[in-house]
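This is what each chain is made of:
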Amino acid sequence: MPTSSEMLEQFEATYAMGDASIDHTHREFLELCVAAAQAQGAAFAERFAALFAHTQAHFADEEARMQASAYPAIGEHRAHHQNLLGDMDRFCQRAGAGRSAMARAWLNDSLPQWFDLHARTMDSALAVHLRQQG
Ligand SMILES: [Fe+2]
Ligand SMILES: [Fe+2]
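In this text, all values refer to a predicted model and were calculated from it rather than measured experimentally. (Residues numbered from 1 in each chain as written. Chains lettered and ligands numbered in written order. Predicted model: local features only at pLDDT ≥ 70, side-chain atom pairs only at ≥ 80, totals over all residues. Heavy atoms only, no water.)

Draft legend 1. Looking closely at the overall build of the protein chain. Looking only at helices and strands, one finds six helices and zero strands in the protein chain. Counting helices and strands in the order they occur from the N terminus, the protein chain gives α-α-α-α-α-α. Projected onto the principal axes, the alpha-carbon positions of the protein chain cover approximately 45 × 30 × 20 Å. Counting across all 134 residues of the protein chain, residues that qualify as buried make up 42%. (Helix = DSSP H or I, 4+ residues; strand = E, 2+ residues; numbered from the N terminus. Buried < 20%, exposed > 50% of the residue type's maximum accessible area, 1.4 Å probe, protein only.)

Now the structure itself:
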């Protein structure tokens, strides 16, 4: 599985889906993942919190667009978001309390894998739907 920084390098070929807003947000998401992964000491918790805030807005934007376009798979897509936010919230709280090791491992090992699958399946299906809606 590629790291978030490798995913950013191959963004255009692998993750761009032709929706300017989704693509922009996804690039920012990966940039924030890289920034948190590279942070040392107390900066880690701050950057993890910034990633969490961005991810909440990222998912809320997609869900608003699903709602506005009567997207049939909204329930499944939203459940996938909620699941991730639950994990991210827990690790964010641990990191904020000075227990960063597990948050760091999750950020490096699980989150890139989650994004890779989610972007290439659910978000790309959403982008196709939005394009068809014109
Ligand atoms: Fe997304
Ligand atoms: Fe999504």
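Back to the text.
Draft legend 2. Here's a closer look at unusual backbone geometry. Despite not being glycine, A70 has its phi angle at roughly 50 degrees, a positive value. Among the structural elements, A70 can be located in the loop between α4 (42–68) and α5 (74–96).

Draft legend 3. Representation of the pattern of salt bridges within the structure. Scanning the entire structure with this criterion turns up four salt bridges. A salt bridge links R27 to E12; its shortest N-O distance comes to 2.5 Å. Of the two residues, R27 sits in helix α3 (residues 20–38) while E12 sits in helix α2 (residues 11–15), which places them 15 residues apart along the sequence. Note on E12: relative accessible area 56%, which makes it exposed. Across the salt bridge formed by D87 and R90, the nearest N and O atoms sit 2.4 Å from each other. One end of the pair, D87, and the other, R90, are both in helix α5, three residues apart, so they sit about a helical turn from each other. We classify D87 as partly exposed; its relative accessible area is 22%. On the accessibility criterion, R90 (48% relative accessible area) is partly exposed. (Salt bridge = Lys/Arg side-chain N within 4 Å of Asp/Glu carboxyl O.)

Draft legend 4. Looking closely at the coordination of the iron ion (ligand 2). The protein atoms that coordinate the iron ion (ligand 2) are E62 (OE), H77 (NE2), H81 (NE2), H118 (NE2) and D123 (OD), at distances of 2.1 to 2.2 Å. Separating the iron ion (ligand 2) and the iron ion (ligand 1) is a distance of 3.6 Å, and E62 donates to both of them. One end of the pair, E62, is in helix α4; the other, H81, is in helix α5, with 19 residues separating them in the sequence. Judged by its relative accessible area of 4%, E62 is buried. Accessibility expressed as a relative area gives 0% for H81, which makes it buried. (Donors = N, O, S within 2.8 Å, 3.2 Å for Na, K, Ca; no water.)

Draft legend 5. Region of interest: the coordination of the iron ion (ligand 1). Note on the iron ion (ligand 1): its protein donors are H26 (NE2), H58 (NE2), E62 (OE) and D123 (OD). The metal-donor distances range over 1.9 to 2.3 Å. Given four donor atoms and angles of 85 to 157 degrees at the metal, the environment of the iron ion (ligand 1) is assigned as irregular. (Tetrahedral: all angles 85-135°; square planar, octahedral: opposite > 155°, others 65-115°.)

Draft legend 6. The packing of α3 against α4, seen in detail. Viewed as axis vectors pointing N to C, α3 and α4 meet at an angle of 165 degrees, and their least axial separation amounts to 9 Å. Between α3 and α4, the angle is such that the two are roughly antiparallel. Considering how the two elements wind past one another, α3 and α4 form a crossing that is left-handed. Contacts between α3 and α4 involve S21, I22, T25, H26, E28, F29, L32, C33, A35 and A36 on the former and, on the latter, F44, R47, F48, A50, L51, H54, T55, H58, E62 and R65. Of the residues that constitute the contact of α3 with α4, the class distribution is 10 nonpolar, six polar and four charged. (Axes fitted to C-alpha atoms, helices over the stretch in contact; angles between N-to-C directions. Parallel < 35°, antiparallel > 145°, perpendicular 65-115°, else oblique. Left-handed = near helix turned anticlockwise from the far one by under 90°. Contact = heavy atoms within 4.5 Å. Nonpolar A, V, L, I, M, F, W, Y, C, P; charged D, E, K, R; others polar.)

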